[in-house]
Amino acid sequence: MNSQTKIIVACTLALISVDIGVRGGWLSRHSQNLSCTDCAGSGSITVRELRLVDSEGNLKAHMYTDQSGDPGLVLYDQTGAQRAQLDTFNQVPSLILNAPDERRSVYFGMDSNGQSVMTMYGENGTPVASMDASGSQPVFWTNPNSLP
């Protein structure tokens with residue numbers, strides 16, 4: 001191969017690399033807004049994160065997988081406050097309901113053995129009452145410091 005041929009081959013490879021980079025960037029930017037026609041053949045979409053917004057672009061729901069691969073779903077109210085969370089943190093499923101100011105209000109979940117736990121929180125964010133069915137008998141607990 002003479003020097004002119006080497007230059008032509010090098011330029012061709014450079015142009016191909018630029019073309020692939022530009023097309024790859026264009027495709028990744030334009031694949032964020034999917035519609036049903038985009039997945040008609042397979043009937044499914046595979047993503048790590050999904051954000052549901054209203055007509056003004058306000059976040060209403062966020063479905064994701066965290067760093068450890070556990071799934072989660074967060075729901076937001078009209079003001080954008082996080083109001084409900086369903087997840088499997090550390091492989092333990094739970095449902096968390098928040099007050100309008102995003103303080104935890106109720107936790108429904110399980111212990112590491114899969115037994116039921118429910119905790120209710122007071123205005124200052126401390127647990128006020130709890131029900132626990134993790135042993136052989138249910139346990140009802142109230143925080144004496146939270147009583148009037």
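Residue indices follow the written sequence of each chain, beginning from 1 at its first position. The predicted nature of this model means local features are confined to residues of pLDDT at least 70 and side-chain atom pairs, given and counted, to a pLDDT of 80 or more, with totals for whole chains, interfaces and linings taken over all residues. Each side-chain value is derived from all of the structure's non-hydrogen atoms; neither hydrogens nor water enter the calculation.

Caption draft 1: Highlighting the overall build of the protein chain. Looking only at helices and strands, the protein chain features 1 helix and 9 strands. Listing the helices and strands of the protein chain from first to last along the sequence gives α-β-β-β-β-β-β-β-β-β. Any two residues having at least one pair of non-hydrogen atoms within 4.5 Å are treated as being in contact. Sequence separation of at least 24 residues holds for 0% of the intrachain contacts in the protein chain that already meet a minimum separation of 6. Reported accessibility uses the Shrake-Rupley method at a 1.4 Å probe radius. Residues are deemed covered only where the shown protein chains occlude them. Per element, the accessible surface of the protein chain, about 11,200 Å² overall, is 58% carbon and sulfur. Each helix is a run of H or I in the DSSP string that is no shorter than four residues. Each strand is a run of E no shorter than two, and both are numbered from the N terminus.

Caption draft 2: Highlighting the side chain of Asn98. Locating Asn98 in the fold gives a position in strand E5 (residues 94–98). Note on Asn98: relative accessible area 9%, which makes it buried. N or O atoms closer than or at 3.5 Å make up a polar contact, with two conditions inside protein: a donor-capable atom paired with an acceptor-capable one, and, for residues adjacent in sequence, both atoms drawn from side chains. A distance of 3.3 Å separates a polar atom in the side chain of Asn98 from the backbone oxygen of Gln82. Excluding its chain neighbours within four sequence positions, the residues that come into contact with Asn98 are Gln82, Arg83, Arg103, Arg104 and Ser105. Only protein chains enter the accessibility calculation, which uses a 1.4 Å probe; a residue is then buried when its area is under 20% of its type maximum, exposed when over 50%, and partly exposed in between.

Caption draft 3: Looking closely at a nonpolar patch on the surface. A grouping of Ile45, Val47, Leu50 and Met63 is seen on the molecular surface, where their side chains present a nonpolar patch of about 360 Å² in accessible area. Note that Met63 resides in strand E2 (residues 59–65). Judged by relative accessible area, which is 45%, Met63 ranks as partly exposed. Note on patches: the residues involved have over 30% relative accessible area and no salt bridge, like charges join within 9 Å, and the nonpolar side chains Val, Leu, Ile, Met, Phe, Trp and Tyr join within 5 Å. Every case where a carboxyl oxygen of Asp or Glu lies within 4 Å of a side-chain nitrogen of Lys or Arg is listed as a salt bridge.

Caption draft 4: Spotlight on the sheet that holds strand E1 (residues 49–53). Taking strand neighbours across the sheet as the criterion, the 9 strands line up as E1-E2-E3-E4-E5-E6-E7-E8-E9 in an open arrangement whose pairing is antiparallel. The two strands at the open ends of the sheet, each matched to only one other strand, are E1 and strand E9 (139–142). Sheet twist, expressed as the average angle between the axes of neighbouring strands with direction ignored, equals 10°. Strands qualify as paired when DSSP identifies two bridges or more between them. Note: strand E3 (residues 71–76) against strand E4 (residues 82–87), 5 bridges, orientation antiparallel. What sits directly across from Gly72, in E4, is Asp87. Helix axes are fitted only over the stretch in contact, all axes being lines through C-alpha atoms; the angle between N-to-C directions runs from 0 to 180 degrees.

Caption draft 5: A look at unusual backbone geometry. Positive phi, close to 70°, is recorded for Glu102, a residue that is not glycine. Within the secondary structure, Glu102 is located in the loop between E5 and strand E6 (104–110). Given the relative accessible area of 42%, Glu102 is considered partly exposed.

Caption draft 6: Molecular detail of the confidence of the model for the protein chain. The score called pLDDT rates the predictor's confidence residue by residue, from a low of 0 to a high of 100. Of the residues in the protein chain, 68% reach a pLDDT of 70 or more, and the chain-wide mean stands at 76. Confidence drops under pLDDT 50 across residues 26–31; counting only partners more than four residues distant or on other chains, this segment forms 0 contacts.

Caption draft 7: View of the environment of Ser68. With respect to the helices and strands, Ser68 occurs in the loop between E2 and E3. On the basis of relative accessible area, Ser68 is assigned to the exposed category, the value being 57%. The spatial distance from the C-alpha of Ser68 to the C-alpha of Asn90 is 8.1 Å, given a sequence separation of 22 residues. There is a polar contact of 2.9 Å between the side chain of Ser68 and the side chain of Asp66. Among the polar contacts listed, one links the side chain of Ser68 to the side chain of Asp70, at a separation of 3.3 Å.

Caption draft 8: Broad picture of the environment of Met110. You can see Met110 is positioned in strand E6. Setting aside residues up to four positions removed in sequence, Met110 forms contacts with Val92, Pro93, Gln115 and Val117.

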